[in-house]
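Architecture and fold: a report
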Amino acid sequence: MSIHIAAQPGDIADTILLPGDPLRAQWIAENFLESPVRYNTVRNMFGFTGTYEGNRVSVQGTGMGVPSLSIYVNELFRDYGVQTAIRVGTCGGLAGTQLRDVVIAMTSSTDSGTNRRMTGGLDYAPVANYELLEKAVQSARTQDLNFHVGGIATMDLFYDDSNAVQVLESLGVLALEMETSGLYTLAAKYRRRALTICTVSDMVATHEATDSQEREQGFRAMVKVALDAAFN
Ligand code: HPA
């Protein structure tokens, strides 16, 4: 058992999906996994292990933001030997994206202090695992969805009054979320594989947002892309 995950070694699969919301973790387990078993309820941050097309896979909520995600991902990599971690989340769309689009993140810029702390003050550029990225793109091409591949940004503030959004948009950043730079940097540190796939749940400029049914449909396509990336 680790501090935040009450599982025994072996309870968690080598491959894990990481939604921010623990109820999304439960939804993924119920809708995609065969025989899911819940291994964690600490802080209601649910985690499940089951199989997908015969492959053992887990799904774990991470909470929002790099500090919360980094607690869970550290414990998953260090204490449970997780090898492949795919974040499946939502993001705020910037120029060039539309609501419900899927964004596959090659890299994530960040203003997170956590990232700098982990790299001794350097502006490290965290990157996705290329093999997972390529497989995710292959899967996305076969599905009925609009997708983009490029850089996103992991921001500490959801409610941000600064001009950061304009700067990021002018540099071609596709979307904002709050976790990926932490995930990719931890994967580099532990020599594990990581990828983020997210659906655009709201447009940052206009605040236009998807309703919950649309979010669920988008989520379904994204989870399929994530599982294909892991196992195909
Ligand atoms: N900003 C940051 N994170 C997000 C957003 C956003 O607009 N939407 C979903 N996650």
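For the structure given in this document, a descriptive report is provided here. Computed from a predicted structure; not experimentally measured.

What follows covers the packing of helix H1 (residues 22-32) against helix H7 (residues 212-231). Remark: H1 packs on H7, axes separated minimally by 12 Å, with the N-to-C direction vectors making an angle of 70°. Relative to H7, the element H1 is oriented roughly perpendicular. H7 is crossed by H1, and the crossing has right-handed handedness. Counted together, Arg-24, Trp-27, Ile-28, Asn-31 and Phe-32 of H1 and Arg-215, Glu-216, Phe-219, Arg-220, Val-223, Lys-224 and Leu-227 of H7 form the full contact between these two elements. Taken together, the residues of the contact of H1 with H7 sort by class into six nonpolar, one polar and five charged.

With that settled, the discussion passes to the pattern of salt bridges. Enumeration according to the criterion identifies eight salt bridges in this entry. Across the pair Glu-131 and Arg-193 runs a salt bridge, and its minimum N-O distance is 2.8 Å. With Glu-131 in helix H4 (residues 130-141) and Arg-193 in strand S9 (residues 193-203), this residue pair connects regions lying 62 residues apart in the sequence. For Arg-193, a relative accessible area of 22% puts it in the partly exposed group. Close ionic contact of Lys-224 with Asp-228 constitutes a salt bridge, the shortest N to O distance being 3.0 Å. Separated by four residues within a single helix, Lys-224 and Asp-228 lie in helix H7, roughly one turn from each other. Lys-224 sits in the partly exposed class, given a relative accessible area of 31%. In this structure Asp-228 comes out as buried when scored by relative accessible area, which is 8%. If you follow the salt bridges from partner to partner, you end up with Arg-87, Glu-177 and Glu-179 in one network.

By size, the foremost hydrophobic cluster in this structure holds 65 residues, and its most contacted members are Ile-12, Leu-17, Ile-28, Ile-86, Ile-104, Leu-195 and Ile-197. It is H7 that contributes the most residues to this core, nine residues altogether. In this structure, Leu-17 is in contact with Ile-28, Ser-58, Val-59, Gln-60, Ile-86, Val-88, Val-223, Ala-226 and Leu-227, ignoring residues within four places of it in sequence.

On to the site of the ligand, then. Around the ligand, a shell composed of Thr-90, Cys-91, Gly-92, Phe-158, Leu-176, Glu-177, Met-178, Ser-201, Asp-202 and Val-204 is seen. A distance of 3.2 Å is found between a nitrogen atom of the ligand and a backbone nitrogen or oxygen belonging to Gly-92. One nitrogen or oxygen atom from the side chain of Asp-202 is found 2.7 Å from a nitrogen atom belonging to the ligand. When isolated, the ligand has an accessible area of 260 Å², and the protein chains bury 88% of it. Elements represented by at least two residues in the shell around the ligand include exactly strand S5 (84-93), strand S8 (175-177) and S9. If you tally residues by element for the shell around the ligand, the top one is S5, at three residues.

A few words on the pairing of strand S6 (residues 102-110). Pairing of S6 with strand S7 (residues 147-154), which is carried by eight bridges, proceeds in the parallel orientation. Counted as the bridge partner of Val-103 is His-148 from S7. Bridge analysis of S6 against S9 gives four bridges, and the strand direction is antiparallel. Residue pairing for S9: Ala-105 is matched across the bridge by Thr-196.

Quick look at the packing of helix H2 (residues 66-80) against helix H6 (residues 180-190) now. The geometry of H2 relative to H6 is characterised by a closest axis approach of 9 Å and an angle of 25° between their N-to-C directions. Taken together, H2 and H6 sit at an angle that is classed as roughly parallel. Judged by the twist between their axes, the crossing of H2 over H6 is right-handed. Residues Val-66, Leu-69, Ser-70, Val-73, Asn-74, Phe-77 and Arg-78 of H2 touch H6, and the partners they reach there are Ser-181, Gly-182, Leu-183, Leu-186, Ala-187 and Tyr-190. Each residue belonging to the contact of H2 with H6 can be placed in one class, and the counts come to eight nonpolar, four polar and one charged.

Analysis parameters
Residues numbered from 1 in each chain as written. Predicted model: local features only at pLDDT ≥ 70, side-chain atom pairs only at ≥ 80, totals over all residues. Heavy atoms only, no water. Axes fitted to C-alpha atoms, helices over the stretch in contact; angles between N-to-C directions. Helix = DSSP H or I, 4+ residues; strand = E, 2+ residues; numbered from the N terminus. Parallel < 35°, antiparallel > 145°, perpendicular 65-115°, else oblique. Left-handed = near helix turned anticlockwise from the far one by under 90°. Contact = heavy atoms within 4.5 Å. Nonpolar A, V, L, I, M, F, W, Y, C, P; charged D, E, K, R; others polar. Salt bridge = Lys/Arg side-chain N within 4 Å of Asp/Glu carboxyl O. Buried < 20%, exposed > 50% of the residue type's maximum accessible area, 1.4 Å probe, protein only. Core = buried A, V, L, I, M, F, W, Y, C linked by side-chain atoms within 4.5 Å. Near = heavy atom within 4 Å. Polar contact = N/O pair within 3.5 Å; in protein donor to acceptor, adjacent residues only side chain to side chain. Areas by Shrake-Rupley, 256 points an atom, 1.4 Å probe, with all protein chains shown as cover. Pairing = 2+ DSSP bridges.

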